[in-house]
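One letter stands for each residue in the lines below.
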Amino acid sequence: SIKVSATFSELFVAYISLLRYRWKTTLLLSIFPLAGLFLLLTPLMGYRLGIVEILLALMGFSYIPFVVALSTWLLRRRNKLMEGPFTYSFDSEGMRSTGALFYQTIRWAAIPRIRCTRRFLFIFLAPGRAICIPVRAINDPLFFDHLRSLAETKTDFGPRASSS
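Rules behind the numbers
- Residues numbered from 1 in each chain as written.
- Predicted model: local features only at pLDDT ≥ 70, side-chain atom pairs only at ≥ 80, totals over all residues.
- Heavy atoms only, no water.
- Axes fitted to C-alpha atoms, helices over the stretch in contact; angles between N-to-C directions.
- Helix = DSSP H or I, 4+ residues; strand = E, 2+ residues; numbered from the N terminus.
- Parallel < 35°, antiparallel > 145°, perpendicular 65-115°, else oblique.
- Left-handed = near helix turned anticlockwise from the far one by under 90°.
- Contact = heavy atoms within 4.5 Å.
- Nonpolar A, V, L, I, M, F, W, Y, C, P; charged D, E, K, R; others polar.
- Salt bridge = Lys/Arg side-chain N within 4 Å of Asp/Glu carboxyl O.
- Buried < 20%, exposed > 50% of the residue type's maximum accessible area, 1.4 Å probe, protein only.
- Pairing = 2+ DSSP bridges.
- Phe/Tyr/Trp six-rings, centres within 6.5 Å; stacked < 30°, edge-to-face > 60°.
- Lys NZ or Arg CZ within 6 Å of the ring centre and 35° of its normal.

1. Thoughts on the packing of helix α1 (residues 8-18) against helix α4 (residues 51-78)
Where α1 meets α4, the closest approach of the two axes is 10 Å, and the angle between their N-to-C directions is 125°. Judged on the interaxial angle alone, α4 and α1 are oblique. Of the two elements, α1 crosses α4, and the hand of that crossing is right-handed. For the pair α1 and α4, contact is made by Phe8, Leu11, Phe12, Tyr15 and Ile16 and by Ile64, Pro65, Val68, Ala69, Thr72, Trp73, Leu75 and Arg76, respectively. Of the residues assigned to the contact of α1 with α4, the class counts are eleven nonpolar, one polar and one charged.

Next up, the structure:
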């Protein structure tokens, strides 16, 4: 079993990392940084770059991190089920998770895929929604082999990524 008490910064990085699996959301949110880039490139079209344009460009670039940070903070603050630490264990039935206020079993049939990066193990419950377990919390060197043997025939257990 894995006992996890993720920090705000770990959850923030995990949720930013999850954006790569939510391509529609990422495509929609990319409008803001692209607008900021457009504003910064306006001097190439003959316009003068003023303080307002610079501030608007900075707002465009910081929109995605701001929204993710705000939603992470609100999730941790307002959702009683997010009070950790959490314990996760895996067996032939599925994943068992325990928190301060709950105990649940998620069967393998409800887990469409599992992905692992250098920093996180993502247990997906929906296409863009996942439980994020920091790899630093996994002390057993054989854990990933054990998890792969349990999950490989029941879910899409992708290759271990080389970076996050």
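2. Brief notes about the pattern of salt bridges
Inspection of every chain in the model, using the stated rule, returns six salt bridges. The partner of glutamate 93 in a salt bridge is arginine 107, with the nearest N and O atoms 2.8 Å apart. Of the two residues, glutamate 93 sits in the loop between β2 (86-90) and β3 (94-98) while arginine 107 sits in strand β4 (residues 103-107), which places them 14 residues apart along the sequence. Judged by relative accessible area, glutamate 93 falls into the partly exposed class, the value being 32%. Here glutamate 152 makes a salt bridge to arginine 148, at a shortest N to O gap of 3.7 Å.

3. Thoughts on the sheet that holds strand β1 (residues 2-4)
Strand order in the open sheet made by the four strands is β1-β2-β3-β4, with antiparallel pairing throughout. On the outer flanks of this sheet lie β1 and β4, each paired with one strand and no other. Going across the sheet, the axis of each strand differs from the next one's by a mean of 20°, ignoring polarity. Two elements, β3 and β4, share five bridges in a ladder whose sense is antiparallel. Within the sheet, the bridge partner assigned to methionine 95 lies in β4 and is isoleucine 106.

4. Structural notes on the packing of aromatic side chains
Applying the stated criterion across every chain yields a total of eleven aromatic pairs. Within the aromatic cluster, the residues linked to one another by ring pairs are Tyr21, Phe120, Phe122 and Phe124. Here the guanidinium or amino end of arginine 113 rests over the ring plane of phenylalanine 124, the centre of that ring lying 4.3 Å away.

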